[in-house]
Amino acid sequence: MTKIAVFSDVHGNMTALSAVLEDSLARGATEHFFLGDLLLPGPGAADLFSCLEEVNASVCIRGNWDDCFLEVLNGEVDLNDPSDLYLTMLVRHIYGEMKYSDIMKLKSWPTHDVIEIEDLRIGLSHNLPNKNYGGFLYPTNPQENFEALFDGNELDIAIFAHIHRPIFRYSNQEQLILNPGSVGHPYHVWEKFQKDVRAEYLLLEIDETGVKGTEFRKVNYDKAFEFQKAKQQNHPYLSLYEELLKTGRSYTHDYERLETFHVDSVYKREAQHFLAQLKSEKK
């Protein structure tokens, strides 16, 4: 029997990731599959990659926030756009804590993979196999959207991430569709559920007969400790990260809220200097 810990959407939250991996090992996980968005907006950096190495994660998928990190390093941003300025400042904050080997590793991760365990073919992706961003697979979307997870592949199970909600559902042919939820950034639209921001992951058990069990785990972790780490590091947009830890809400595309940090701040000047530094490093 194979017991797999499937997890994703860490979003720079090292405290939550440590708690999830500790829980998975305590429950006998023999494999670890990571489905993307390791970095940002939290302060975790090289320590996150070390965690994946410690559990010998056999699958690592690149998520859309990981792509955003790489795009900033390539200078593919417009600092007049509040979201791009926000991302650039977050990348600037962790860049000095990153190892070159980890950045190269991140670039090498695929956006999807197909593996076989026992007699089952399992598709793994951050969002769609050919598109790791966008809201196509939000849980309230039509069934036909989820059928796209199986296009061009003879899969028995499709596991995706990105939407930060645990999912158990079926395709029209009753293939299994799973989502492990989010380690570092759980979120629910329903207000009464928003206070539950425990770290989420999935334990998937497969034996010679098929899927023996699916257990959606929620793990408590020390959010105050995670916030204090960010505060001690002078993490930019600190109050936004505090709100994310408490409610799961993010403000990546909330231009009005982001602009309250940008008016009369030095963020844009610091971001320009950082991009110039990156450009000079490539010469």
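Residues numbered from 1 in each chain as written. Predicted model: local features only at pLDDT ≥ 70, side-chain atom pairs only at ≥ 80, totals over all residues. Heavy atoms only, no water.

Re unusual backbone geometry
The bulk of non-glycine residues show a negative phi, and the bulk of peptide bonds are trans. What counts is decided by this rule: In this text, helices come from DSSP runs of H or I with a minimum length of four residues, and strands from runs of E with a minimum of two, each type numbered from the N-terminal end. Only protein chains enter the accessibility calculation, which uses a 1.4 Å probe; a residue is then buried when its area is under 20% of its type maximum, exposed when over 50%, and partly exposed in between.
Leu 40 connects to Pro 41 through a cis peptide bond whose omega is 5°. Non-glycine residue Leu 40 carries a positive phi angle of around 65°. If you trace the backbone, Leu 40 turns up in the loop between β2 (31-34) and α2 (46-54). Taking relative accessible area as the criterion, Leu 40 reaches 0% and is therefore assigned buried. With phi around 65°, Glu 174 is a residue other than glycine that occupies positive phi space. When you line up the elements, Glu 174 lands in the loop between β7 (166-170) and β8 (176-180).

What to know about a negative patch on the surface
Applied cut-off: Residues enter patches when they are more than 30% accessible in relative terms and free of salt bridges; like-charged ones are connected within 9 Å and nonpolar ones (Val, Leu, Ile, Met, Phe, Trp, Tyr) within 5 Å. Using a 1.4 Å probe, the Shrake-Rupley method yields the accessible areas, and only the shown protein chains count as cover for residues. Put simply, a salt bridge is a Lys or Arg side-chain nitrogen that is within 4 Å of an Asp or Glu carboxyl oxygen. The charge count includes Lys and Arg as positive and Asp and Glu as negative, but it does not include His or the ends of the chains. By convention, the point assigned to a charge is CZ for Arg, NZ for Lys, CD for Glu and CG for Asp.
A cluster of acidic residues, Glu 118, Asp 119, Glu 154, Asp 156 and Glu 208, forms a negative patch at the surface. Tracing the chain through its elements places Asp 156 in the loop between α6 (143-147) and β6 (157-159).

Examining the sheet that holds strand β3 (residues 59-60)
Rule in force here: Only when DSSP finds a minimum of two bridges between them are two strands counted as paired. Any two residues whose heavy atoms approach within 4.5 Å at even a single point are treated as in contact. Every axis corresponds to a line fitted to the C-alpha atoms, with the helix fit spanning only the stretch in contact, and the corresponding angles, defined between N-to-C directions, vary from 0 to 180 degrees.
Spatially, the five strands line up as an open sheet ordered β3-β2-β1-β9-β10, and their pairing is mixed. The two strands at the open ends of the sheet, each matched to only one other strand, are β3 and β10 (211-219). The strands touched by helix α1 (residues 14-26) are β1 (2-7), β2, β9 (199-206) and β10; relative to β9, the strand with the most contacts, the crossing angle is about 25°.

Some thoughts on the packing of helix α4 (residues 82-95) against helix α10 (residues 267-281)
To be explicit about the condition: Any angle from 65 to 115 degrees is called roughly perpendicular, while one under 35 is roughly parallel, one over 145 is roughly antiparallel, and all others are oblique. What makes a crossing left-handed is the near helix being turned counterclockwise from the far one by less than a right angle; a clockwise turn instead makes it right-handed. Three classes are used, and their members are as follows: Ala, Val, Leu, Ile, Met, Phe, Trp, Tyr, Cys and Pro are nonpolar, Asp, Glu, Lys and Arg are charged, and the others, Gly among them, are polar.
Direction vectors running N to C along α4 and α10 enclose 60°, while the axes themselves pass 9 Å from each other. Taken together, the axes of α4 and α10 are oblique relative to one another. In this structure, α4 meets α10 at a crossing whose hand is left-handed. Contacts between α4 and α10 involve Leu 85, Thr 88, Met 89, Val 91, Arg 92 and Tyr 95 from the first element and Tyr 267, Lys 268, Glu 270, Ala 271, Phe 274, Leu 275, Gln 277, Leu 278 and Glu 281 from the second. Within the contact of α4 with α10, the residues separate by chemical class into nine nonpolar, two polar and four charged.

Remarks on a nonpolar patch on the surface
There is a patch of nonpolar side chains on the surface, built from Phe 168, Tyr 170 and Phe 216 and spanning about 280 Å² of accessible area. Along the chain, Phe 216 falls in strand β10. According to the relative accessible area criterion, Phe 216 is partly exposed, its value standing at 31%.

Comments concerning the packing of aromatic side chains
To be explicit about the condition: Planes of paired rings set the category: under 30 degrees apart is stacked, over 60 is edge-to-face and the rest tilted, where pairs are Phe, Tyr or Trp rings (Trp by its six-membered ring) whose centres lie within 6.5 Å. Counting as a charge over the ring demands two things of the Lys NZ or Arg CZ atom: a distance within 6 Å of the ring centre and an angle within 35 degrees of the ring normal.
Under the criterion given, the structure shown has nine aromatic pairs. On the basis of an interplanar angle of 80° and a centroid distance of 5.6 Å, the ring pair of Phe 168 and Tyr 170 is categorised as edge-to-face. Classification of Phe 168 by relative accessible area gives partly exposed; the value is 41%. A centroid spacing of 5.3 Å and a plane angle of 55° characterise the contact between Tyr 237 and Phe 261, whose relative ring orientation is tilted. Taken together, the residues Tyr 237 in the loop between α7 (223-232) and α8 (238-247) and Phe 261 in helix α9 (residues 255-262) connect sequence positions 24 residues apart. Here Tyr 237 and Phe 261 have matching classes, each one buried. Members of the aromatic cluster, joined through ring pairs, are Phe 7, Phe 34, Phe 49 and Trp 109. The side chain of Arg 165 reaches across the aromatic face of Tyr 138, ending 6.0 Å from its centre. The ring of Phe 146 carries Arg 169 above its face, with NZ or CZ at 3.8 Å from the centroid.

A closer look at the sheet that holds strand β4 (residues 112-117)
With mixed pairing, the five strands of this open sheet are ordered in space as β4-β5-β6-β8-β7. Strand pairing shows two members of the sheet lacking a second neighbour, β4 and β7, which therefore form its edges. Each neighbouring strand pair of the sheet contributes to a mean axis angle of 15°, computed without reference to strand direction. Inspection of the sheet shows β6 paired to β8 by three bridges, in the parallel sense. Note on β8: the bridge partner recorded for Ile 159 is Leu 178.

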